[in-house]
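If you want the building blocks of each chain, they are given just below.
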Amino acid sequence: MTNELIEKSKKHLWLPFTQMKDYDENPLIIESGEGIKVKDIHGKEYYDGFSSVWLNVHGHRKKELDEAIKKQLDKIAHSTLLGMTNVPATELAEKLVEISPEKLTRVFYSDSGAEAMEIALKMAFQYWKNIGKPEKQKFISMKNGYHGDTIGAVSVGSIDLFHHVYGALMFDSFKAPIPYVYRSESEDPAKCRDECLHILEQLLMENHHEMAALSIESMVQGAAGMIVMPEGFLSGVRELCTKYDVLMIVDEVATGFGRTGKMFACEYENVQPDLMAAGKGITGGYLPIAVTFTTEEIYEAFYDDYQTLKTFFHGHSYTGNQLGCAVAIENLRLFEAENIVKEVGKKAKELQSLLAEFKQLPHVGDIRQLGFMCGIELVQSKETKEPFPSEKRVGYHVALKMRELGMLTRPMGDVIVFMPPLVSSNEELKEMVAMMKEAIEIITSEVATALV
Ligand SMILES: *Cc1c(COP(=O)(O)O)cnc(C)c1O
């Protein structure tokens, strides 16, 4: 039975972001989950060390979330949001506006983070047309940014490994540097920040007349390798966008819903975005709902008699799905009832001291963390920061070793990602960190020895 399933998976499936040759060598099929663990078809249990790719909040099979879906199912599973709404989508909108930055008063639903970003880009683009400034058509985005995998989101992204191959398909966008303190010459966060803000200001000064919006991840560049922005950077970007009349699109898809120890990471810098994309944790990791928040000012630029054709012509079949919205409402209720955000803040300190022990390991170059978003950059040489040869696939092998030890995660190159579910207890964090440490030690010493 289990072998049959594995054969079927190899025969018919094509998995996202996966070289299927790798999958065929190391297949894995998850059958169930409980708390912060998942179980495969052979009955082996794994800690969900990456929250099923950055989604999970309350663990798996959280009773209240399961119940919320069942309860909604007794009424209706789905009806459209085109020209009408439904009960949970409406209730959820009010709750989302309550918890989001003050200036954001409108929510537009979709099904994934990438779509939420596409929507933000199209809204920004059309906004300027609608208010009579059609010359503002271009975007400015951050080096190493990641906003999802649809073509618009890829166009404002810039991770060479994922994006290079699609170059000819993308629309042009200006790229601004992002402070990557560990790999900067001085390793001085303030200096690094100011240099990047300076270059950004030059770009804006020269080109703002044709710029519609700037897109940026909030506080941490996730897919780039958990690169945490220095204090004052995000708010500095906000000031420059205001100064040069360019809309600011903040991507909170990874960082939103408590992940960094705030409900939204832009709260760290008191930033009020003009548009904000969120997804991932919005349903506690249960169902595909995403949202683009915007301001009343942008909303009003689309509000007019039909004949003016200022309508936002965008939508998806499952926009505002009732089951998803119902579970999102219950998720937000649990955030409050269980004080999730504050608890993450507290436990993150514990986690920080656990991770500090990694500093002694011979191949750990940098440890980056904001809340429950952590990246450990492995290098061949700590002195020169020289990376391991990429063909050694050190991060990949560390993750495979962790799988063997009983924990799942996915690296970004040689940056080991640790993003446990937000309800993970200090005890569980300790166990997961120990597995990670063991895997890093085993693999890096094997590879380093082979390289000598
Ligand atoms: C995951 C992610 C996205 C894309 O979200 P999907 O739901 O996978 O489409 C966009 N932006 C950031 C910062 C992300 O981490």
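The structure presented is a predicted model; accordingly, all values stated were derived computationally and were not measured.

Within the protein one finds 15 helices and 16 strands. Oriented by its inertia axes, the alpha-carbon framework of the protein measures out at about 70 × 60 × 45 Å. Per-residue burial over the protein gives 54% buried out of 452 residues. As displayed, the protein has an accessible area near 21,000 Å², and 53% of this comes from carbon and sulfur atoms.

Take the nonpolar core next. It is characteristic of soluble globular proteins that their nonpolar side chains tend to be buried jointly. Within the largest apolar cluster, 93 residues are counted, with the highest numbers of intra-cluster contacts made by Leu214, Ile216, Met436 and Ile440. In terms of residue count, helix H15 (residues 426-451) provides more of this core than any other element does, nine residues in total. Once you skip the residues sitting within four places of it in the chain, Leu214 turns out to touch Ile140, Met142, Leu200, Val237, Cys241, Val246, Leu247, Met248 and Ile249. Counting 23 residues, the second largest nonpolar core, distinct from the first, contains Ala124, Tyr127, Ala301 and Phe312.

Once that is clear, we can look at a negative patch on the surface. The grouping of Glu91, Glu94, Glu98 and Glu336 at the surface amounts to a negative patch. Tallying contributions element by element places helix H5 (residues 87-99) first for the negative patch, with three residues. Tracing the sequence through the fold places Glu91 in helix H5.

On to the sheet that holds strand S3 (residues 45-48), then. One key point about sheets: their strands pair by backbone hydrogen bonds, in either a parallel or an antiparallel sense. Taken in spatial order, the four strands of this open sheet run S1-S2-S3-S15, and their pairing is mixed. Because the sheet does not close on itself, it has two edges, and the strands there are strand S1 (30-34) and strand S15 (407-408). Judged from the four bridges that link them, S1 and strand S2 (residues 37-40) form a sheet pairing that is antiparallel. Bridged to Ile30 within S2 is Asp40. Together, S3 and S15 form the strand contacts of H15, whose direction differs from that of S3 by roughly 105°.

The next subject is the UniProt feature "modified residue: N6-(pyridoxal phosphate)lysine" (unreviewed entry) in the protein. In this structure's numbering, the residues bearing the UniProt feature "modified residue: N6-(pyridoxal phosphate)lysine" (unreviewed entry) are Lys280. The residues touching Lys280, leaving out its near neighbours within four places in the chain, are Val53, Trp54, Leu55, Val253, Ala254 and Gly285.

Moving on to the site of the ligand. Within the structure, the ligand sits among Trp54, Ser112, Gly113, Ala114, Tyr146, His147, Gly148, Glu217, Asp251, Val253, Ala254 and Lys280. Taking Asp251, its side chain carries an N or O atom lying 2.6 Å from a nitrogen atom of the ligand. Side-chain polar atom of Lys280 to an oxygen atom of the ligand: 2.7 Å apart, as the coordinates give it. Burial of the ligand by the protein chains amounts to 82% of its free accessible area of 380 Å². Split by residue class, the shell around the ligand holds five nonpolar, four polar and three charged.

Taken as a whole and assessed by the stated rule, the structure comprises seven aromatic pairs. Arranged with centres 5.2 Å apart and planes meeting at 80°, the rings of Phe108 and Phe312 form a pair that is edge-to-face. Of this pair, Phe108 sits in strand S4 (residues 104-110) while Phe312 sits in the loop between helix H11 (296-300) and helix H12 (322-337), and the two are 204 residues apart along the sequence. Exposure remark for Phe108: the relative accessible area of 21% places this residue in the partly exposed category. Taken together, a centroid distance of 5.8 Å and an interplanar angle of 85° make the contact between Phe302 and Phe312 edge-to-face. Here Phe302 is found in the loop between H11 and H12, whereas its partner Phe312 is found in the loop between H11 and H12, with ten residues between them in sequence. Each residue in the set Phe108, Phe302 and Phe312 is aromatic and connected to the rest through ring pairs, giving one cluster. Sitting over the ring of Tyr182, Lys385 keeps its end group 4.7 Å from the ring centre. It is Arg393 that lies over the ring of Tyr396; its NZ or CZ is 3.8 Å from the centre.

Before going further, it helps to examine helix H6 (residues 113-130). The end-to-end C-alpha distance of H6, which contains 18 residues, comes to 25 Å, matching closely the 26 Å that a straight helix rising 1.5 Å per residue would cover. With 15 of 18 residues buried, H6 is to be regarded as a mostly interior element. Gly132 sits one or two positions beyond H6 and adopts a positive phi of about 85°.

Right, let's get into unusual backbone geometry. One non-glycine residue, Met226, lies in the positive phi region at around 55°. As for its position among the elements, Met226 is in the loop between strand S8 (220-221) and strand S9 (227-228).

All right, on to the UniProt feature "binding site: substrate" (unreviewed entry) in the protein then. UniProt annotation of "binding site: substrate" (unreviewed entry) refers to Tyr146, Lys280, Gly315 and Arg410 when read in the numbering used here. Annotated residues spanning 265 residues; largest pairwise C-alpha distance 31.5 Å, indicating distribution over more than one region. By the secondary structure assignment, Tyr146 is in the loop between strand S5 (138-142) and helix H7 (151-155). Residues within four places of Tyr146 in sequence aside, it is in contact with Phe17, Ile159, Phe162, His163, Glu217, Ala223 and Asp251. At 3.0 Å, the side chain of Tyr146 and the side chain of Asp149 are in polar contact.

Disulfides are covalent bonds that link the sulfur atoms of two cysteine residues. The tally for this structure, following the rule as stated, stands at zero disulfides. Of all cysteine sulfurs, the one in Cys192 lies closest to Cys196, which takes part in no disulfide; the gap is 5.2 Å. Cysteine Cys266 shares no disulfide, and the gap to the nearest cysteine sulfur, in Cys241, comes to 13 Å.

On to the sheet that holds strand S13 (residues 364-370). Spatially, the three strands line up as an open sheet ordered S13-S14-S16, and their pairing is antiparallel. Every other strand in the sheet has two partners, leaving S13 and strand S16 (415-418) as the edge strands with one partner each. Pairwise comparison of adjacent strand axes, ignoring direction, gives a mean angle of 15° for this sheet. Of the pairings in the sheet, the one linking S13 to strand S14 (residues 373-378) comprises six bridges and is antiparallel in character. Bridging across to S14, Ile367 finds its partner in Ile376. In the packing of H15 onto the sheet, contacts are made with S13, S14 and S16, and the angle to S16 comes to roughly 165°.

Thresholds, definitions, all that
Residues numbered from 1 in each chain as written. Predicted model: local features only at pLDDT ≥ 70, side-chain atom pairs only at ≥ 80, totals over all residues. Heavy atoms only, no water. Helix = DSSP H or I, 4+ residues; strand = E, 2+ residues; numbered from the N terminus. Buried < 20%, exposed > 50% of the residue type's maximum accessible area, 1.4 Å probe, protein only. Areas by Shrake-Rupley, 256 points an atom, 1.4 Å probe, with all protein chains shown as cover. Core = buried A, V, L, I, M, F, W, Y, C linked by side-chain atoms within 4.5 Å. Contact = heavy atoms within 4.5 Å. Patch = residues over 30% accessible without salt bridge, like charges linked within 9 Å, V, L, I, M, F, W, Y side chains within 5 Å. Salt bridge = Lys/Arg side-chain N within 4 Å of Asp/Glu carboxyl O. Lys, Arg positive; Asp, Glu negative; His and termini not counted. Charge placed at Lys NZ, Arg CZ, Asp CG, Glu CD. Pairing = 2+ DSSP bridges. Axes fitted to C-alpha atoms, helices over the stretch in contact; angles between N-to-C directions. UniProt positions renumbered as here; feature names shortened; annotations may be inferred. Near = heavy atom within 4 Å. Polar contact = N/O pair within 3.5 Å; in protein donor to acceptor, adjacent residues only side chain to side chain. Nonpolar A, V, L, I, M, F, W, Y, C, P; charged D, E, K, R; others polar. Phe/Tyr/Trp six-rings, centres within 6.5 Å; stacked < 30°, edge-to-face > 60°. Lys NZ or Arg CZ within 6 Å of the ring centre and 35° of its normal. Expected span 1.5 Å × (residues − 1). Disulfide = S-S within 2.5 Å.

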